[in-house]
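# Structure at a glance
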Amino acid sequence: MRCPNCGSLDDKVLESRTMVNGESIRRRRECNSCGYRFTSYERIDEKPFFVVKKDGRRQPFDRAKLEKGIDRALEKRPFSPVQVEQIVTDIEDAAVRQGREDREIGTVELGEIVLQKLYEVDKVAYIRFASVYKRFENIEEFLNEIKSIENRK
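Here is a short report on the structure shown in this document.

## Details of the overall build of the protein chain
Of the regular secondary structure elements, the protein chain holds 5 helices and 6 strands. When the helices and strands of the protein chain are listed from N to C terminus, the series reads β-β-β-β-β-α-α-β-α-α-α. For 153 residues, the compact-globule formula gives about 15 Å, and the C-alpha radius of gyration of the protein chain, at 24 Å, lies well above that figure. Counting only C-alpha atoms, the protein chain reaches 80 × 35 × 20 Å along its principal axes. Considering the protein chain as a whole, with its 153 residues, one finds that 30% of them fall into the buried category. Here the protein chain has roughly 10,700 Å² of accessible surface; of this, 47% comes from carbon and sulfur atoms. Computed over 31 positive and 29 negative side-chain charges, the inter-centroid distance for the protein chain is 3 Å.

## Observations regarding the sheet that holds strand S2 (residues 24-31)
With antiparallel pairing, 3 strands are arranged side by side in an open sheet as S1-S2-S3. Each edge of the open sheet is held by one strand with a lone partner, namely strand S1 (11-18) and strand S3 (37-43). Ignoring which end each strand starts from, the neighbouring axes of this sheet average 25 degrees apart. Relative to S3, S2 is paired through 7 bridges, and the arrangement is antiparallel. When the bridges of S3 are listed, isoleucine 25 appears paired with glutamate 42.

## Focus on helix H1 (residues 63-73)
Within the sequence span of H1, burial applies to Leu66, Ile70 and Ala73. Along the long axis of H1, the arc covered by the buried residues comes to 60 degrees, so they all point the same way. Exposed residues pointing more than 90 degrees away from the buried face of H1 are listed as Ala64, Lys65, Lys68 and Arg72. Contacts made by the buried residues of H1 are with helix H2 (81-98), helix H3 (107-121) and helix H4 (123-133). N-cap assignment for H1: the residue whose side-chain oxygen lies 3.1 Å from the backbone N of alanine 64 is aspartate 62.

Conventions used here
Residues numbered from 1 in each chain as written. Predicted model: local features only at pLDDT ≥ 70, side-chain atom pairs only at ≥ 80, totals over all residues. Heavy atoms only, no water. Helix = DSSP H or I, 4+ residues; strand = E, 2+ residues; numbered from the N terminus. Rg over C-alpha atoms; globule rule 2.2 N^0.38 Å. Buried < 20%, exposed > 50% of the residue type's maximum accessible area, 1.4 Å probe, protein only. Areas by Shrake-Rupley, 256 points an atom, 1.4 Å probe, with all protein chains shown as cover. Lys, Arg positive; Asp, Glu negative; His and termini not counted. Charge placed at Lys NZ, Arg CZ, Asp CG, Glu CD. Pairing = 2+ DSSP bridges. Axes fitted to C-alpha atoms, helices over the stretch in contact; angles between N-to-C directions. Arc of directions from axis to C-beta. Contact = heavy atoms within 4.5 Å. Polar contact = N/O pair within 3.5 Å; in protein donor to acceptor, adjacent residues only side chain to side chain.

This is the structure we're talking about:
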């Protein structure tokens, strides 16, 4: 670490503390050349996670966008904000696990993860999300999807 006082690269760590959120470490250092004491912070530099659109474009994963879709599907359903937050977290975790190697996931795979989770927690929310995700154009498609739910039981 370069001393901000004299520019020397020779220092020693006097004290290290993990910050409250656990995502960084605070280190008190002392320059061996001039004796100046200073603080440095160390954080994990994570690579971003991307969503690959059907046309091949890559966009950073947007948790807020996912949460908006889940909120809409679960609107007026018996779920607390804490439960909705947990559902979104579960979906995000599953997506990151599935796309871990390449640090990306396709929209189709992400949509299937969402559908699977909504199917587990609430069939009405599943149908709501499926109607948008699968782009239902008529009542027949709704009915077919409902029948497929009944047949899974």
